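Listed below, chain by chain, are the residues.
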Amino acid sequence: MMALVMAATMTASSFQIGEKDFLLAGKPIQIRCGEVHFARVPREYWRHRLQLCKAMGLNSVCAYLFWNFHEYEQGRYDWSGQADAAEFCRIAQQEGLWVILRPGPYACAEWDGGGLPWWLLKNPKIQLRSQDPAFLAPATAWLKEVGRVLGPLQVTRGGPILMVQVENEYGSYGSDAGYMGSIRQGLLDAGFDVPLFGCNPPGDLKKGLRSDLFQVVNFGTDPASGFKALREIQPTGPLMCGEFYPAWFDTWGAPHHRGNAQRYLTDLEYMVKHGASFSIYMAHGGTTFGMWSGADRPFKPDTSSYDYDAPISEAGWVTEKFWATRKLLGGTTQPPPANPVASIPAFTLTECASIFDNLPVPIEDTEPRCMEAYDQGRGCILYRTTVPAGRETTMRFEQVHDFAWVFLDGKPIGEMDRRTRRFHFKLPARAKSARLDILVEAMGHVNFGQEVHDRKGLRGNPGKWLVYRLDGVKPNWKVGKASGPAFWRGTFNVDKPADTFLDLRAWGKGVVWVNGHCLARFWNIGPTQTAYVPGPWLRAGTNEVVILDLLGPSQPVLAGLDKPILDQLRPELDFARTSKGRLTLNDPIHTGAFTSGPEVQEVRLAAQGRQFCIETLNAHDGQPFAAIAELDLLDPAGHSIPHTEWTIAYVDSEELIAEDGSAANAINGQAASHWHTARTQEQPGHPHRLVIDLGAPASIGGFRYTPRAGSNVPGRIKDYRVYVGSTLVKESNE
Ligand code: GLA
């Protein structure tokens, strides 16, 4: 009854973008929004999380639609269960929240491929996010389908949807305003008649800009600078931050992110006081269930936990940021209580099934091709061939996406790893021909930059190959223990279903299912060490857990904890061969000084080489630190050089304790994260050196330095030198 009353009060005849304000039924409204992705929250808990958003003082929620979540198989749309977007919008309306919809076709969001379906990559020539008909045709068909399902829920028809976003941060990818026009038109043709808008970070607002599309700006700090950049391209209209980051997402092997609550609050207060609208990204991050998590660049796969250090935690618990936000925004409804949590005593997984004993019928091929070419969109794939007798040699591949474990006649002989671009292994001497197995694990498709053209699997070495698709294997279980890559199965009992966190610390690297729900990926290096199990996915009595572990557990035991472990890094367990490299600098090719503000600074020079080193000599505030949000290299014509093959070849210092100050953040294309030299334990001083390896020699015509965002923040570089060469860094081991 209550819900119906709310629904009746929550309709409006119109929503418009005025000269100064957003106008709801003609009256100014400040949009106080929070992002929640329904795909990342168990459906049974949608209402709970939306009630929390309301209690936090929000009046709207922002929701991405992930295209691939609704069209995993081309032409077969799914809006059922977890994918029931319309139901999510209806619940939001019942709970007194407006909805801002972001249907893509591209979303980013640390989601597999940024939401772009894997099957697009079956076409070897496709240009994603462009006017290429091979992309536009399925993308506009998708938007049409979105219009069919969600068009009736627009505010103009009595529903909660106020605005719809066109594409997502397109300026950080390309500059074709015509493409933005096509997507905009696709939404109009799909029947959307509410205002449409685009979003970008401050530095990318001008790219792909169109006068017929309203713009909002995305940032994690310094609203004054963000809105100044917005005003430069849009002199009138309401100000809105489309994504305001309270913290950040996590990637495997890097520290868990915590966003400074005071900084978050100060910036939020600034927006509230200046009448600016905002959307907190994320208000509640939740979990990227299944194998849906994406990957950042340079290749850094995202964890399944999407806790985000958001105001509402992964399991829907209120946090310090929640209470502070509620106080600031004057939330009046009471937050619903947290859902019950229980621990589960340790139990052993008693059955197993080696991957090698459970292979499906193979496909014969004359060379290893990408996984998508074999009609597979995720998981593992095995490539098998026979190698003749011969001496020890190094076997090299063109590409391994993303990890590979190599076996000769069943014995492990090495691994390949995309993170370090290690695409080779030592093939030992053989007295007779032998069976070579290369087991490739695909983690999420990269969800940012040109790297979204991320075809998985192995490439190189034509010959006679057998290819085994391992997505959907039905294991033959045996009681006992397996070694090497294998499935494991066990059961546990629960009296009363309640939320729990599976402790995966005894396991290696893989995927975990409970009662048929694919929960999460896990990896012993952390920082996430648990998998969130929503209570509604358990049953009173016996429950089944299945694990695919590519490395094998130290002990096949599991337990349910009453708290998540999101911040335990164990770099000593990483199989990556990391080498710091030896730095040998020649003469600098350029010496200069940056200004002290947050503005992007461009420097022209002329050089040729494969490695680019920036050396900091001091910082504007006289402190020992250096930080860089983004370092872009330009070709002689002044265009950005693609990052696709880049790695960090060397860095002298990174902060990895108090924050993720990894050097990779300087080349990930996202100005909201940055490289920061160590500050927690040691504070080494200048000079600091960061070397990028471009993967191949290039003509370098200049570079663009984006300082760390914020006002009066440490790490703003003053004097610096630049070196370019091909052997600035030599690998110290092979
Ligand atoms: C960008 C994207 C979002 C998300 C955030 C980082 O701003 O628009 O989808 O990926 O970065 O969490």
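Attention here is on the structure that accompanies the text. Keep in mind the model is a prediction, meaning the values are calculated, not measured. (Residues numbered from 1 in each chain as written. Predicted model: local features only at pLDDT ≥ 70, side-chain atom pairs only at ≥ 80, totals over all residues. Heavy atoms only, no water.)

1. Some words on the site of the ligand
1) Next: Tyr64, Glu110, Glu243, Tyr245 and Tyr308 are the nearest of the 14 residues found near the ligand.
2) Next: At 2.7 Å, a side-chain N or O of Glu110 approaches an oxygen atom of the ligand.
3) Next: In this structure, Tyr308 approaches the ligand through a side-chain N or O atom, which is 2.6 Å from an oxygen atom.
4) Next: Out of a free accessible area of 300 Å², the ligand has 99% covered by protein chains.
5) Next: Class assignment for the residues of the shell around the ligand results in ten nonpolar, one polar and three charged. (Near = heavy atom within 4 Å. Polar contact = N/O pair within 3.5 Å; in protein donor to acceptor, adjacent residues only side chain to side chain. Areas by Shrake-Rupley, 256 points an atom, 1.4 Å probe, with all protein chains shown as cover. Nonpolar A, V, L, I, M, F, W, Y, C, P; charged D, E, K, R; others polar.)

2. Quick look at the packing of aromatic side chains
1) Next: Applying the stated rule across the entire model yields 51 aromatic pairs.
2) Next: Between the aromatic rings of Tyr306 and Tyr308, the centroid separation amounts to 5.2 Å while the plane-to-plane angle is 65 degrees, which identifies the pairing as edge-to-face. The exposure classification of Tyr306 matches that of Tyr308, with both residues buried.
3) Next: Arg129 extends its terminal NZ or CZ atom over the ring of Tyr106, reaching a point 3.5 Å from the ring centre.
4) Next: The residue whose ring lies beneath Arg129 is Tyr173, and the NZ or CZ to ring-centre distance is 4.3 Å. (Phe/Tyr/Trp six-rings, centres within 6.5 Å; stacked < 30°, edge-to-face > 60°. Buried < 20%, exposed > 50% of the residue type's maximum accessible area, 1.4 Å probe, protein only. Lys NZ or Arg CZ within 6 Å of the ring centre and 35° of its normal.)

3. So, the pattern of salt bridges
1) Next: Using the criterion set out here, one finds 44 salt bridges in the structure.
2) Next: Across the pair Glu87 and Arg90 runs a salt bridge whose closest N-O atoms are separated by 3.2 Å. One end of the pair is Glu87 and the other is Arg90, both in helix α4 (residues 85-94) and three residues apart, which spans about a single turn.
3) Next: Note on Glu87: relative accessible area 22%, which makes it partly exposed.
4) Next: Looking at Arg90, the relative accessible area reads 35%, which means it is partly exposed.
5) Next: A salt bridge links Glu544 to Arg489, with the nearest nitrogen and oxygen atoms 3.2 Å apart. (Salt bridge = Lys/Arg side-chain N within 4 Å of Asp/Glu carboxyl O. Helix = DSSP H or I, 4+ residues; strand = E, 2+ residues; numbered from the N terminus.)

4. Describing the side chain of Thr706
1) Next: Tracing the chain through its elements places Thr706 in strand β41 (residues 688-706).
2) Next: Assessed through its relative accessible area of 14%, Thr706 is described here as buried.
3) Next: Excluding anything up to four places from it in sequence, Thr706 contacts Val600, Ile628, Ala629, Glu630 and Ala671. (Contact = heavy atoms within 4.5 Å.)

5. Description of the sheet that holds strand β6 (residues 98-102)
Strands pair in a sheet through their backbones, by hydrogen bonds, and they do so in one of two ways: parallel or antiparallel.
1) Next: Strand order in the closed barrel formed by eight strands is β4-β5-β6-β7-β8-β9-β10-β11, with parallel pairing between adjacent strands. The average undirected angle you get between the axes of adjacent strands in this sheet is 30 degrees.
2) Next: Pairing of strand β8 (residues 196-200) with strand β9 (residues 214-219) involves four bridges; the strand directions are parallel. Looking at the pairing, Gly198 lines up with Gln215 of β9. (Pairing = 2+ DSSP bridges. Axes fitted to C-alpha atoms, helices over the stretch in contact; angles between N-to-C directions.)

6. Let's talk about the side chain of Ser293
1) Next: Tracing the backbone through its elements, the reader meets Ser293 in the loop between β11 (277-284) and β12 (295-296).
2) Next: There is a polar contact of 3.4 Å between the side chain of Ser293 and the backbone oxygen of Asp302.
3) Next: Ignoring sequence-local partners within four residues, the contact set of Ser293 consists of Glu110, Trp111, Asp112, Thr288, Asp302, Thr303, Ser304, Gly444 and Arg521.

7. Regarding the nonpolar core
1) Next: By size, the foremost hydrophobic cluster in this structure holds 127 residues, and its most contacted members are Leu150, Val512, Val545 and Ile547.
2) Next: When neighbours within four sequence positions are excluded, Ile547 is seen to be in contact with Leu349, Ala486, Phe487, Trp488, Leu504, Trp507, Val511, Val512, Phe522 and Leu558.
3) Next: Of all hydrophobic cores here, the second largest spans 28 residues; its members include Ala607, Val651, Ala666 and Ile692. (Core = buried A, V, L, I, M, F, W, Y, C linked by side-chain atoms within 4.5 Å.)

8. Focus on the packing of helix α7 (residues 223-233) against helix α8 (residues 261-273)
1) Next: Across the interface, α7 lies against α8 with an axial gap of 10 Å and an inter-helix angle of 45 degrees. Taken together, the axes of α7 and α8 are oblique relative to one another. Contacts from Pro223, Ala224 and Phe227 of α7 reach α8 at Asp267, Tyr270 and Met271.
2) Next: Counted by class, the contact of α7 with α8 contains five nonpolar, no polar and one charged residues. (Parallel < 35°, antiparallel > 145°, perpendicular 65-115°, else oblique.)

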